[in-house]
Structures are given as C-alpha cells and as structure tokens.
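The chain contents come next:
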Amino acid sequence: STSGAELRTNIGRAMWQCIGSRRFRDVKPGKHSVHRSSHLAPCVPMLSLHGECWVITDAAAGNQRQALALAARLQMPTRHLLLEPRAPWSWLAPRLTLGGRLALPASQRAWFAPPWPALAIGCGRAAALFTRMLRPLSAGRCHTVQILGPRLDPGLWDTVIAPRHDGLEGNNVLRPLGSLNPVE
C-alpha cells in the first residue's frame, strides 16, 4: 500500500506537470521552497497508484478543469462526482459537517457512498465539505486532496493545493504559482 508521504509526492509531481510540462515554476510546499526544472520532473517516474480516484466538484468549469487535470496526470481510474450541497451546508461549506450526508439531494446520495475511493480530489468550497468528510468516513483509508484554499485548517485534509497568493501554510500544503490545467 502507498504511504501518505509517497502519495503526496506523486500529487506534487502531477501538480507541477499540470502547471506546465514545458516550464516548471517555483513551488513552495509548506514553508520550503522547491524549484523544479523542465528537465527533472517529467523524467522522475511516479509511483503506480492503486484504487479508484473520485474527482469531486460543483458545476463551476474552473473547478472541474483543475481537479480533472490533476486526476488525469495521476493516471488512476477516475469517477467525476458533480455534487451540489443543499442549504444550510451550501452556505457553510466546508465548516458544517454535522449531518453532512444529508447535504446532498436524494438523487445524489447514492454517488457519495461506500466503497470509498483510495484518493479523492476536490476543488472549490462545496467540494471541500465532501473531501473533508471522506477522511473520517473511510477511517483514513482515502487520501484527500483539496484544490484551492478551504478557509479552514489545512490539516483537515491530507494534501491541500492552494495558490501562493492565498498565503496558506502547512506541511501538507503545496503552493503553485499558477492554476492546474490539462494543457501541455
């Protein structure tokens, strides 16, 4: 089984590739500055990841684009869940987790149910509610990735990818200069 540190390394490599496979930018994971040259990152093989990846987004095209780009780079079987929480969860996401499964309309509840994925990638505040809930629901067996600053302690997720201008700090925070995209 893949450790959390190995998974975070793979996610970081995939993130750098999504930022631009021809030109890698200065990225700061946590408080440490890391520079990747365009010759290094594509040559470093990624671990073979096992299990399913859920991509969780709302209907916003920008959120979908970033999360799907990262999932594509990780080369895992992927299921895209377009989840739209109801009020009051939609107003308070990702803070309100109490009764979180009821946040979904009845038509979407079956999508967010076991078996839980090995990896979940969420983008946007609404998705942050569900990626946050997956850690306890899966008893820690699902590695959770949240793209864009969740407005909460990043320690509630396994990996957070927040743009550098968000100013988010943490050992599990990757801080790209640009946004993730599928363009090579």
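Basis of the calculations
Residues numbered from 1 in each chain as written. Predicted model: local features only at pLDDT ≥ 70, side-chain atom pairs only at ≥ 80, totals over all residues. Heavy atoms only, no water. Helix = DSSP H or I, 4+ residues; strand = E, 2+ residues; numbered from the N terminus. Contact = heavy atoms within 4.5 Å. Areas by Shrake-Rupley, 256 points an atom, 1.4 Å probe, with all protein chains shown as cover. Expected span 1.5 Å × (residues − 1). Buried < 20%, exposed > 50% of the residue type's maximum accessible area, 1.4 Å probe, protein only. Pairing = 2+ DSSP bridges. Right-handed = clockwise from strand over helix to strand, strands pointing away. Core = buried A, V, L, I, M, F, W, Y, C linked by side-chain atoms within 4.5 Å. Salt bridge = Lys/Arg side-chain N within 4 Å of Asp/Glu carboxyl O.

Colleague: What exactly am I supposed to notice about the overall build of the protein here?
Modeller: Within the protein, the secondary structure is distributed over 5 helices and 6 strands. Relative to all contacts within the protein whose residues are 6 or more apart in sequence, the contacts with residues 24 or more apart total 60%. Total accessible area computed for the protein in this model is approximately 8900 Å², and 54% of it derives from carbon and sulfur atoms.

Colleague: Honestly, helix H2 (residues 61-74) in this entry has me stumped. Any pointers?
Modeller: In an α-helix, one turn spans 3.6 residues; hence positions three or four apart end up facing the same way. Taking 1.5 Å of rise per residue, the 14 residues of H2 would be expected to cover 20 Å, and the 20 Å separating its terminal C-alpha atoms lies within 8% of that figure. All of the buried residues along H2 are Asn63, Gln66, Ala67, Ala69, Leu70, Ala71, Arg73 and Leu74. Of the residues flanking the end of H2, it is Gln75, one or two places downstream, whose phi is positive at about 55°.

Colleague: Can you help me understand the pairing of strand E3 (residues 119-123) in this one?
Modeller: Most of E3 sits out of view: 5 of its 5 residues are buried. With burial as the criterion, each face of E3 is covered, one bearing Leu119, Ile121 and Cys123 and the other bearing Ala120 and Gly122. Bridge analysis of strand E1 (residues 53-57) against E3 gives 4 bridges, and the strand direction is parallel. Residue pairing in the sheet places Ile56 in a bridge with Gly122 of E3. Here 5 bridges tie E3 to strand E4 (residues 143-147), and the two strands are oriented parallel to one another. Bridging across to E4, Ile121 finds its partner in Val145. Viewed along the sheet, the connection from E3 through helix H5 (residues 125-137) into E4 turns out right-handed.

Colleague: Help me out: how do you make sense of the nonpolar core in this one?
Modeller: Grouped together as the largest cluster of nonpolar side chains are 19 residues, with contacts concentrated most on Ile11, Leu70, Leu74, Leu119, Ile121, Ile147 and Ile161. Of all elements in the fold, only helix H1 (4-19), E1, H2, E3 and E4 reach the threshold of two or more residues within this core. Ignoring any residue separated from it by four or fewer positions in sequence, one finds Leu119 in contact with Leu7, Ile11, Glu52, Cys53, Trp54, Leu74, Met76, Cys142, His143 and Val145. The next biggest cluster of nonpolar side chains, apart from the first, holds 17 residues, and it includes Ile56, Leu83, Phe112 and Phe130.

Colleague: Just checking my understanding: could you explain the pattern of salt bridges for this structure?
Modeller: If the charged atoms of two oppositely charged side chains come close together, the side chains can form a pair. The full count for this structure, using the stated rule, is 3 salt bridges. Note that Arg79 is salt-bridged to Glu52, the shortest N-O span being 3.7 Å. A residue pair is termed long-range when its members are at least 10 positions apart, and Arg79 in strand E2 (residues 78-82) and Glu52 in the loop between H1 and E1 qualify at 27 residues. Given a relative accessible area of 30%, Arg79 falls into the partly exposed group. The residue Arg135 makes a salt bridge to Asp158 at a minimum N-O spacing of 3.5 Å. Of this pair, Arg135 sits in helix H5 while Asp158 sits in the loop between E4 and strand E5 (159-161), placing them 23 residues apart in sequence.

Colleague: Would you mind showing me how to read H5 here?
Modeller: With 13 residues, H5 extends 19 Å between its outermost C-alpha atoms, agreeing within 8% with the 18 Å of an ideal straight helix rising 1.5 Å per residue. If you check which residues of H5 are buried, you get Ala126, Ala127, Ala128, Leu129, Phe130, Thr131, Arg132, Met133 and Leu134. Turning to H5, the residues buried within the fold contact E1, helix H3 (89-92), E3 and E4.

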